Amino acid sequence: MSDAVLADHDLGSANTLGLPCRAERFAAPATLTPLRRLLRLASARQWPLTVLGGGSNLILPERLPGLVLQPALRQWWLEQRGSAVLVHVGAGVEWHPLVMALAERGLWGTENLALIPGSCGAAPIQNIGAYGVELGEVVEAVRVLFVEDGRDALLTPEECAFGYRDSIFKGELEGRAIITGLTLRLSRSASPRLAYGDLAQRVGRHPGPLEVARAVCAIRREKLPDPAELGNAGSFFKNPIVDREEAAELLAVWPDMPHFALQDGRVKLAAGWLIDRCGLRGWRDGHFGVHDRQALVLVHFGGGSAVELMAFAERVAEQVRARFGVSLEREPRLA
Ligand code: EPU
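Residues numbered from 1 in each chain as written. Predicted model: local features only at pLDDT ≥ 70, side-chain atom pairs only at ≥ 80, totals over all residues. Heavy atoms only, no water.

### Remarks on the nonpolar core
In summary, soluble globular proteins display a tendency toward joint burial of nonpolar side chains.
1) Next: With 49 residues, the main nonpolar core has W95, L98, L135, V142, V144, F169 and L184 as its most contacted residues.
2) Next: Counting only elements with at least two residues in this core, the list comes to β7 (84-90), α2 (95-104), β10 (139-146), β11 (152-155), β12 (177-187) and α4 (209-223).
3) Next: If you tally residues by element for this core, the top one is α4, at 7 residues.
4) Next: Not counting chain neighbours up to four residues away, the residues in contact with W95 comprise T110, L113, I116, G118, S119, C120, A123, I128, L135 and L184. (Core = buried A, V, L, I, M, F, W, Y, C linked by side-chain atoms within 4.5 Å. Buried < 20%, exposed > 50% of the residue type's maximum accessible area, 1.4 Å probe, protein only. Helix = DSSP H or I, 4+ residues; strand = E, 2+ residues; numbered from the N terminus. Contact = heavy atoms within 4.5 Å.)

Here it is, written out as structure tokens:
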């Protein structure tokens, strides 16, 4: 039964960092009816609530009290709307297989976001982004259920307040709304986005979305560790954004520092480069390390805990602060 509540449930393999964690109670409702029933139960019993997606951007403690919910709404379907194609997706659909299925159908819009681990329901929370595209650009609506009263609502992209690795689900709506589905707006007209890095060199002159998605997968496999082989949560820090003056001062000392001017005049730096330049790429201490091919990714070799990971990350951030005067902000969320 999809609203069955399991006691003392092991979440060790439900988080890509592979941190040990046991949920006091766990349920994976497959439709809105059991999800609402579980919310009422949690409220009546005053159980703290944690919502889990694919567990790929989350740092879990050793014990999660109350109820852990993993929405398992797994349907998706297409709707032709004028020249656009809308894709309605349940929160429990896995992101990467969906991207490949859409690219195979010749639909443009999500191909640059191939191979990002996790579920569709988690994707809007951090506004997943890669290779010059962010999810928010293709979102038509996000469907949510309000925890307080079980009300169902559709949020527009504006209401979602998407930003760089940010959205309303990390702010005002954190803990208040559960994402149950998404609607994406895709297109059949060719619209390749190849400006990032060497993506353009990796595809032919007139690529289809599947060719672009495959090129993105190849780049990611070269740099990013596969969570099935080595625990990680992708980028552990956000790329820091500094004001123009601070960027100019840094560039005077480090002329080869990667930097990207934002529309508001501020400058985004590459946290991976900053960590790398501290000599930390490939550094290991205890059960955790800095990935040897992409310094922005912290890896878990097994046997460690969330507390140890946070202390390790703080040591990395401290070295970047000491050398560059730049503060790094954590990217994965704490459960
Ligand atoms: N760099 C280094 N050394 C490193 C890592 C990076 O010198 O160890 C340099 C690179 O050479 C490049 C620059 O830093 O000049 C940026 O690196 P890259 O293009 O690999 O991207 P990133 O800024 O490190 C971001 C996202 C990734 C996303 C890629 C591609 C964030 C926090 N990370 O990484 O997202 O895949 O761009 O778009 O914005 C994730 O969020 O989990 C994630 C993997």
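So that's the structure; there's more coming.
### Some details on the site of the ligand
1) Next: Close to the ligand lie 22 residues, the nearest being Y131, Y164, Y196, S235 and D276.
2) Next: The backbone of Y131 places a nitrogen or oxygen atom 2.7 Å from an oxygen atom of the ligand.
3) Next: The side chain of Y164 places a nitrogen or oxygen atom 2.7 Å from an oxygen atom of the ligand.
4) Next: Computed on the free molecule, the ligand has an accessible area of 820 Å², of which 79% lies beneath the protein chains in the complex. (Near = heavy atom within 4 Å. Polar contact = N/O pair within 3.5 Å; in protein donor to acceptor, adjacent residues only side chain to side chain. Areas by Shrake-Rupley, 256 points an atom, 1.4 Å probe, with all protein chains shown as cover.)

### Quick word on the sheet that holds strand β13 (residues 231-235)
The pairing of strands in a sheet happens through backbone hydrogen bonds and is either parallel or antiparallel.
1) Next: Read across the open sheet, the 4 strands follow the order β13-β19-β18-β17; overall the sheet is antiparallel. Each edge of the sheet is formed by a strand with only one pairing partner; in this case those strands are β13 and β17 (284-285).
2) Next: Here strand β18 (residues 288-290) runs beside strand β19 (residues 297-300); their pairing, made up of 3 bridges, is antiparallel. Bridge assignment links V290 to a residue of β19, and that residue is L298.
3) Next: Running at roughly 30° to β18, helix α7 (residues 306-324) makes contact with β17, β18 and β19 of the sheet. (Pairing = 2+ DSSP bridges. Axes fitted to C-alpha atoms, helices over the stretch in contact; angles between N-to-C directions.)

### With respect to the packing of aromatic side chains
1) Next: Under the counting rule described, the total for this entry stands at 6 aromatic pairs.
2) Next: The interplanar angle of 90° and the centroid separation of 5.3 Å between the aromatic rings of Y131 and Y196 together place this pair among those described as edge-to-face. Of this pair, Y131 sits in the loop between β8 (129-130) and β9 (133-134) while Y196 sits in the loop between β12 and α4, placing them 65 residues apart in sequence.
3) Next: Judged by relative accessible area, Y131 falls into the buried class, the value being 12%.
4) Next: Taking 5.3 Å as the distance between ring centres and 75° as the angle between the ring planes, the aromatic pair formed by F236 and F237 counts as edge-to-face. (Phe/Tyr/Trp six-rings, centres within 6.5 Å; stacked < 30°, edge-to-face > 60°.)

### Comments concerning the pattern of salt bridges
Oppositely charged side chains can pair when the atoms bearing their charge come close.
1) Next: Per the counting criterion, the structure on display carries 19 salt bridges.
2) Next: The residue E329 makes a salt bridge to K238 at a minimum N-O spacing of 3.3 Å. One end of the pair, E329, is in the loop between α7 and β20 (333-334); the other, K238, is in the loop between β13 and β14 (241-242), with 91 residues separating them in the sequence.
3) Next: Classification of K238 by relative accessible area gives buried; the value is 13%. (Salt bridge = Lys/Arg side-chain N within 4 Å of Asp/Glu carboxyl O.)

### Some words on the side chain of K170
1) Next: As for its placement among the helices and strands, K170 is situated in the loop between α3 (157-160) and β12.
2) Next: Reaching out from K170, the side chain makes a polar contact with the backbone oxygen of R165 at a distance of 2.8 Å.
3) Next: Apart from the residues within four sequence positions on either side, K170 is in contact with I125, Q126, R165, K238, E331 and R333.

### Description of the packing of α2 against α4
1) Next: Relative to each other, α2 and α4 sit at 145°, their axes nearing to 7 Å. Considering only the axes of α2 and α4, their crossing is left-handed. Two secondary-structure elements touch here, α2 through H96, M100, A103 and E104 and α4 through P209, L210, A213, R214 and C217.
2) Next: Residue composition of the contact of α2 with α4, grouped by class: 6 nonpolar, 1 polar and 2 charged. (Left-handed = near helix turned anticlockwise from the far one by under 90°. Nonpolar A, V, L, I, M, F, W, Y, C, P; charged D, E, K, R; others polar.)

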